[in-house]
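Structural features, examined
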Amino acid sequence: MGTILLRMLGAMLLPVLLCVLFYQAEKNKRYAALPFMVKQVIIGIAFGIAASLATEFGVPVKGATLNVRDAAPLAAGLVFGWPSGLIAGLIGGIERWFAVLWGAGEYTRLACTLGTILSGIIGASVRQFMLDNKKASWFYGLAVGITVEVLHMLLVFLTHVDELHKAFEVVMVCALPMVAANSISTMLCILAVVALSKRREPNNHEVRKIAQSFQRWLLVCVMLAFLITSAFTSFLQSRLADSTVNDTLRLNLEDVKEEIRTASDKHLLELTRQIAGELEGGSQLALTALADKYNVSEINLVNAEGIITASTYSGFVGYNMADGIQSRAFLPLLAGSVQVVQRYQPTSSDSSISRKYAGVPLSEGGFVQVGYDAQSFQRDISEQVVTAAKNRHIGQEGCIIICDESGTIVSDRDGHEGEQISVLGYASTENVEEFVTFRSPIYGVSSYCMFTQTEGYYIIAVLSVSEAQFSRNVAVYIQAFMETIVFATLFAQVYFLIKKLVVENIQKVNDSLAQITGGNLNVTVNVRSNEEFASLSDDINTTVDTLKHYIDEAAARIDRELEFARKIQHAALPSVFPPYPMRKDFSIYASMDTAKEVGGDFYDFYMLGEEKLAFLIADVSGKGIPAAMFMMTSKTLIKGLAETGLEVNDIFTQANAKLCQGNDAEMFVTAWMGILDLKTGLLQYANAGHNPPAIRGADGGYTFLKSRPNLVLAGMDGVRYRKNELQLHPGDQLFLYTDGVTESQNPRQELWGDDRLLMSLNENPGLPVEALCKKVKADVDAFAGEADQFDDITMLSVRLNSLPE
Amino acid sequence: MNIEKKQSGTTLTVTVSGRLDTMTAPALEQELKNDFPGLSQLVLDFQNLEYISSAGLRVLLGAHKAMKGNLVIKHPNEALMEVFDITGFADILTIE
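1. What about the overall build of chain A?
Looking only at helices and strands, chain A has 19 helices and 24 strands in total. Within chain A, counting contacts between residues at least 6 apart in sequence, those at least 24 apart form 66% of the total. Carbon and sulfur atoms provide 59% of the accessible area of chain A, an area that totals close to 38,600 Å².

The following block contains the structure:
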């Protein structure tokens, strides 16, 4: 027993070991790099060999061979993929077919071969069609393992329909251990891999899918239904079997009883007739001599009045037959009955004596009554009794045993005549009533027994328990097998139905919703395979439509407001050119082209008294209304400070300090500001983190006016700005710009850049202020082409035309 | 943009790669905001940062203020350095 368990355990653990091995092999880079199909073939062959080994190491038990062959292909299919399952199933099955040549069981050859191939196919199909090609859960392993083995058992029946009895004996032995071993082995395979994958991906808290939750619950329900129906069937079949045993035993007993009584009746009547014949023939023998001759116990002559006139017992003479219940039964002989025979029973005259009586009428009136005791008639009819028992079979192995009142066997199946009934192992019947089934060992086999008494005999009907329960077991097993298959099919069907009706539709809805949330509000959900989803689709579409309407409305409103903001912003900038038509000593031009979004660029210029021209260009970080508002604040602040006559660097220093106060939005402004003394041509300027302007001497080209910039305005409190100075000469021209110019993009997302700006400026360096700005703008537009501009494009150009003499 | 964080003691090193512009700057801002408390030094490694816009500069300014100056910018490329120079950020930031 120990080795049997060990071998079974070994065969069970082999596929588990292989699972672990191949799962870990994925860590090996060379193995992992192999194509999917190659790996599948390798795994298929390995598990096929495992299945073959299971065949070779099968455990012979009672003429059948227990093995764990089906687990390997099943595990390969469930854990690794359908091709490996199919390959392993084929290898295991075909090996089993040929294994007969070197000693495997012939009886289940076809069934086992088919069973193993089927297990591969089922493992592969379950993974492919039910699990969406993902690893199974352990309970799947268990359930599929059970189903496959039950199929295997049914195959044993199917391949031996003409000898179900033997097939069933094989199945009875194999079913439980093989179903258990194969399903547990498959389950362990999956558990092992799950444990490994958990270690590999420790944070695997994924929310369960509908299909998975559903599968779990469906499985629980199906299992519960299976258990309940199985228990019910088992109970019902047991009761049915009990009642069948009762009926079979009773009918047989009654038959035998009837047979013995008939034989005994016939025999006694025959004797009585012979005695009557002798008496009527005028026999001279005395009644006692006659009784001796025919070996009967008692002869009574009764007259037409029913009074005993002569008897072998003188004491009976003069007895009126009408006086006793037993004797009264003979009176119909006086009224014309031709014969009366009684069963063996206590006599009316002396209840301690049991006798069997028969009577026939005499031609001269009255009748003769013959009494007979057990010993006598048992001797006379023993042949019939023996035959009655020997010829009778109850079921296949059951039999009748007859013994006499002392418990000596008169007849039985195996020739124990003359021995005491107890040698058969028969328990006492003292507390048992007639025709009640009880259990007792007979011939060393636990059996159902029932007894009755007749004519001084005990008749015992015997049917072995195993035989009595055989048909019940067949019924229960077949029922359980069929239910397994039915429930498995049901499970698969309902699962597919749900998947088709719910999960796939949800997927479709989700796909559409993903597009909608991705920004495409024009996608409609259109799942119309059933009413619920059609209504859901309509609801979603209506919601999206409503949403779209609101969004459009809101967008239109925002657009209007932004447009308004842009107008205000533009209105704040000087936009009449030339601004000082009376001044010929300098010219100035500026332009701002706002991007689609409101930006934070601005430029400004104003006269400080008659002799100084202030001009600046700035860029507020960020976009939209906040940037526009910050720009207005900055512009106003700077202008206010400039008009108090501060030097350019002090304007920035103070503006910065003011802007830093309450700048919760952490916005900042880059700015370049210059104050040109029109009398001397001296330019004083400060740079708060802004792009360097380009400058052109009277006859040269443009170059960047590099100066070390200070930090942007509103960046940090306490920054002191530097003042730079530059002496301008008549003809010198400055070009200020924001990064919207140099960071314009073309459709290939290339930036226009400083170099292109210089090139553009220097193509025609002599252009006056307005023409210069327009040329640069045209070049930027040509570069950008179709690409959207995200930033304002702002430029300002100043030329010193002349200085006073 | 891609953000990688590595903390040793109270020094947090954040490696930012890709583009730090209007679209991506809020993500970095959000990331950093949660970390400021309890930090003694914040190191921003810009080795693989290709571009920084004014929105990105704004995040740096915010970080500079929140860290009270204990902000170190590491490995900015030339273009980035130019931006820092032009905007005057080079004056206030510790750049290594």
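Next comes the rest of the account.
2. A short note on the pairing of strand E4 (residues 308-311) of chain A
Residues and elements named next belong to chain A. Strand direction decides the pairing type here: strand E3 (residues 298-302) and E4, joined by 3 bridges, are antiparallel. If you follow leucine 301 over to E4, its bridge partner there is alanine 310. Where E3 folds back onto E4 in an antiparallel hairpin, the turn is made up of 5 residues, including glycine 306, whose phi is positive at roughly 85°.

3. Things to note about the interface of chain A and chain B
On the side of chain B, 18 residues touch chain A, which itself brings 21 residues to the contact. Contact between chain A and chain B buries roughly 1,500 Å² in total, counting both sides, with carbon and sulfur atoms accounting for 54%. Along the contact surface separating chain A from chain B lie 1 salt bridge. One salt bridge in this structure joins Arg708(A) and Asp91(B), with 3.1 Å as the shortest N-O distance. Looking at the side of chain A that touches chain B residue by residue, the class counts come to 8 nonpolar, 8 polar and 5 charged.

4. Focus: the sheet that holds strand E22 (residues 724-727) of chain A
Residues and elements named next belong to chain A. With respect to topology, 5 strands assemble into an open sheet ordered E16-E17-E18-E19-E22, the strand pairing being antiparallel. Sheet topology places strand E16 (601-608) and E22 at the edges, where each strand pairs with a single neighbour. Adjacent strand axes in the sheet meet at a mean angle of 15°, parallel and antiparallel pairs treated alike. Looking at chain direction, strand E19 (residues 682-688) and E22 are connected through 4 bridges and run antiparallel. Paired with leucine 683 across the bridge in E22 is leucine 726. On the sheet, helix H15 (residues 624-643) packs against E16, strand E17 (612-620) and strand E18 (669-677) and is oriented at approximately 15° with respect to E16.

5. Observations regarding the pattern of salt bridges
Residue and element names in this part refer to chain A. Under the defined criterion, the tally for this structure stands at 24 salt bridges over all chains. One salt bridge connects aspartate 255 with arginine 392, and the closest N-O pair in it is separated by 3.4 Å. A residue pair is termed long-range when its members are at least 10 positions apart, and aspartate 255 in helix H9 (residues 210-280) and arginine 392 in the loop between helix H12 (374-390) and strand E9 (393-394) qualify at 137 residues. Judged by its relative accessible area of 40%, aspartate 255 is partly exposed. Lysine 500 is the salt-bridge partner of glutamate 504, the closest N and O atoms lying 3.5 Å from each other. Here the residue glutamate 504 and the residue lysine 500 both occupy positions in helix H13 (residues 465-517), the gap between them amounting to 4 residues, near one helical turn. You can call glutamate 504 partly exposed: its relative accessible area is 34%. One network of salt bridges, in which partners are shared, links Asp255, Glu259 and Arg392.

6. Some thoughts on the sheet that holds strand E23 (residues 733-737) of chain A
Neighbouring strands of a sheet are bound in pairs by backbone hydrogen bonds; such pairs are parallel or else antiparallel. All names here are of chain A. What the 5 strands build is an open sheet, ordered E15-E24-E23-E20-E21; its pairing is antiparallel. Unpaired on one side and paired on the other, strand E15 (586-593) and strand E21 (702-704) mark the two borders of the sheet. Each strand axis lies, on average, 15° off the axis of its neighbour in the sheet, ignoring direction. The pairing of strand E20 (residues 694-696) with E23 spans 3 bridges and is classified as antiparallel. Its bridge partner lying in E23, alanine 694 is registered against phenylalanine 735. Of the strands in this sheet, E15, E21, E23 and strand E24 (793-800) touch helix H19 (residues 769-784), which is tilted by about 150° from E24.

7. Examining the environment of Tyr51(B)
Topologically, Tyr51(B) is positioned in strand E4 (residues 49-52). Classification of Tyr51(B) by relative accessible area gives buried; the value is 19%. Put simply, Tyr51(B) and Ala79(B) are 28 residues apart on the chain and 7.5 Å apart in space, counted from C-alpha to C-alpha. Those residues in contact with Tyr51(B) that sit more than four places away from it in its chain are Glu743(A), Gly18(B), Arg19(B), Leu20(B), Asp21(B) and Leu80(B). Engagement of the side chain of Tyr51(B) in a polar contact is seen with the side chain of Glu743(A), the distance being 3.1 Å.

8. Points about the side chain of Glu95(A)
All names here are of chain A. Its location among the elements puts glutamate 95 in helix H5 (residues 82-99). Notably, glutamate 95 is buried but unbridged: the nearest opposite-charge side chain belongs to arginine 69, and the N-O separation is 6.2 Å. With near-sequence residues (within four places) excluded, glutamate 95 lies in contact with Ser52, Thr55, Glu56 and Trp102.

9. Brief notes about a nonpolar patch on the surface
All names here are of chain A. Among the surface-exposed residues, Leu90, Ile94, Trp97, Phe98, Leu101, Trp102, Leu110 and Leu114 lie close enough to one another that they form a single nonpolar patch of about 780 Å² accessible area. Contributions of two or more residues to the nonpolar patch are made by H5 and helix H6 (109-130). Summarising the element assignment, leucine 110 is placed in helix H6.

10. Some remarks on the packing of H5(A) against H6(A)
All names here are of chain A. Where H5 meets H6, the axes come as close as 8 Å, and the angle between the chain directions of the two elements is 175°. Taken together, the axes of H5 and H6 are roughly antiparallel relative to one another. Touching Trp82, Gly85, Leu86, Gly89, Leu90, Gly92, Gly93, Arg96 and Trp97 of H5 are Arg109, Leu110, Cys112, Thr113, Thr116, Ile117, Gly120, Ile121, Ala124, Arg127 and Gln128, all from H6. Counted by class, the contact of H5 with H6 contains 9 nonpolar, 8 polar and 3 charged residues.

11. Digging into the environment of Ala642(A)
Residue and element names in this part refer to chain A. By the secondary structure assignment, alanine 642 is in helix H15. Between the C-alpha atoms of alanine 642 and tyrosine 606, which are 36 residues apart in sequence, the distance is 9.4 Å. Look past the residues within four positions of alanine 642 in its chain and what remains in contact with it is Tyr606, Leu608, Ile651 and Met673.

12. Considering helix H1 (residues 25-33) of chain B
All names here are of chain B. Among the residues of H1, those classed as buried are Ala25, Leu28 and Leu32. Around the axis of H1, the buried residues are gathered within 65° of arc, so they sit on the same side. Buried residues in H1 make contact with strand E1 (2-8), strand E2 (11-20), strand E3 (41-45) and helix H2 (54-66).

13. Focus: helix H3 (residues 36-56) of chain A
Every α-helix winds through 3.6 residues per turn, so residues three or four apart in the chain are directed the same way. Taking 1.5 Å of rise per residue, the 21 residues of H3(A) would be expected to cover 30 Å, and the 30 Å separating its terminal C-alpha atoms lies within 8% of that figure. Those residues of H3(A) that sit buried are Lys39(A), Gln40(A), Ile43(A), Gly44(A), Ala46(A), Phe47(A), Gly48(A), Ala50(A), Ala51(A), Ser52(A), Ala54(A) and Thr55(A).

14. Thoughts on the side chain of Asp604(A)
For Asp604(A), the position within the fold is in strand E16. Ignoring any residue separated from it by four or fewer positions in sequence, one finds Asp604(A) in contact with Pro574(A), Ala614(A), Phe615(A), Leu616(A), Lys635(A), Lys639(A) and Leu796(A).

15. A word on the confidence of the model for chain B
All names here are of chain B. Considering every residue of chain B, the mean pLDDT works out to 87; 100% of them sit at 70 or more. Across chain B, the element-wise mean pLDDT spans from 85 in E1 up to 91 in strand E5 (residues 71-74). Across the whole predicted complex the pTM is 0.55, and at the interface the ipTM reaches 0.88.

16. Observations regarding the nonpolar core
One broad trend across soluble globular proteins is that nonpolar side chains are buried collectively. Counting residues in hydrophobic clusters, the biggest one holds 83 residues, and the most contacted among them are Phe615(A), Phe652(A), Met673(A), Leu42(B), Leu60(B) and Phe89(B). Looking at which element gives the most residues to this core, the answer is E17(A), with 7 residues. Setting aside anything within four residues of it in sequence, one finds Phe615(A) in contact with Ile588(A), Asp604(A), Phe605(A), Trp672(A), Met673(A), Gly674(A), Leu676(A), Leu683(A), Leu734(A), Leu736(A), Leu796(A) and Val798(A). With 42 residues, the next largest nonpolar core counts Leu290(A), Val370(A), Ala374(A) and Val465(A) among its residues.

17. Digging into the packing of aromatic side chains
For any pair of aromatic rings, the description consists of the separation of the ring centres together with the inter-plane angle of the planes. Residue and element names in this part refer to chain A. Enumeration according to the criterion identifies 26 aromatic pairs over all chains in this entry. Between phenylalanine 652 and tyrosine 721, the aromatic rings sit 5.8 Å apart at their centres with planes inclined by 85°, giving edge-to-face as the arrangement. Taken as a pair, phenylalanine 652 in helix H16 (residues 648-660) and tyrosine 721 in the loop between E21 and E22 lie far apart in primary sequence, 69 residues in all. By relative accessible area, which is 0% here, phenylalanine 652 ends up buried. Clustering of aromatic rings is evident, with ring pairs tying together Phe577, Tyr580, Phe586, Tyr589, Tyr603 and Phe605. The ring of tryptophan 97 has arginine 109 sitting right over it, with the charged end atom 4.1 Å from the ring centre. For lysine 166, the ring lying beneath its charged end belongs to tyrosine 107, and the centroid distance is 4.2 Å.

Conventions adopted
- Residues numbered from 1 in each chain as written.
- Chains lettered and ligands numbered in written order.
- Predicted model: local features only at pLDDT ≥ 70, side-chain atom pairs only at ≥ 80, totals over all residues.
- Heavy atoms only, no water.
- Helix = DSSP H or I, 4+ residues; strand = E, 2+ residues; numbered from the N terminus.
- Contact = heavy atoms within 4.5 Å.
- Areas by Shrake-Rupley, 256 points an atom, 1.4 Å probe, with all protein chains shown as cover.
- Pairing = 2+ DSSP bridges.
- Buried area = accessible area lost by both parts, 1.4 Å probe.
- Salt bridge = Lys/Arg side-chain N within 4 Å of Asp/Glu carboxyl O.
- Nonpolar A, V, L, I, M, F, W, Y, C, P; charged D, E, K, R; others polar.
- Axes fitted to C-alpha atoms, helices over the stretch in contact; angles between N-to-C directions.
- Buried < 20%, exposed > 50% of the residue type's maximum accessible area, 1.4 Å probe, protein only.
- Polar contact = N/O pair within 3.5 Å; in protein donor to acceptor, adjacent residues only side chain to side chain.
- Lys, Arg positive; Asp, Glu negative; His and termini not counted.
- Patch = residues over 30% accessible without salt bridge, like charges linked within 9 Å, V, L, I, M, F, W, Y side chains within 5 Å.
- Parallel < 35°, antiparallel > 145°, perpendicular 65-115°, else oblique.
- Arc of directions from axis to C-beta.
- Expected span 1.5 Å × (residues − 1).
- pLDDT = per-residue confidence, 0-100.
- Core = buried A, V, L, I, M, F, W, Y, C linked by side-chain atoms within 4.5 Å.
- Phe/Tyr/Trp six-rings, centres within 6.5 Å; stacked < 30°, edge-to-face > 60°.
- Lys NZ or Arg CZ within 6 Å of the ring centre and 35° of its normal.

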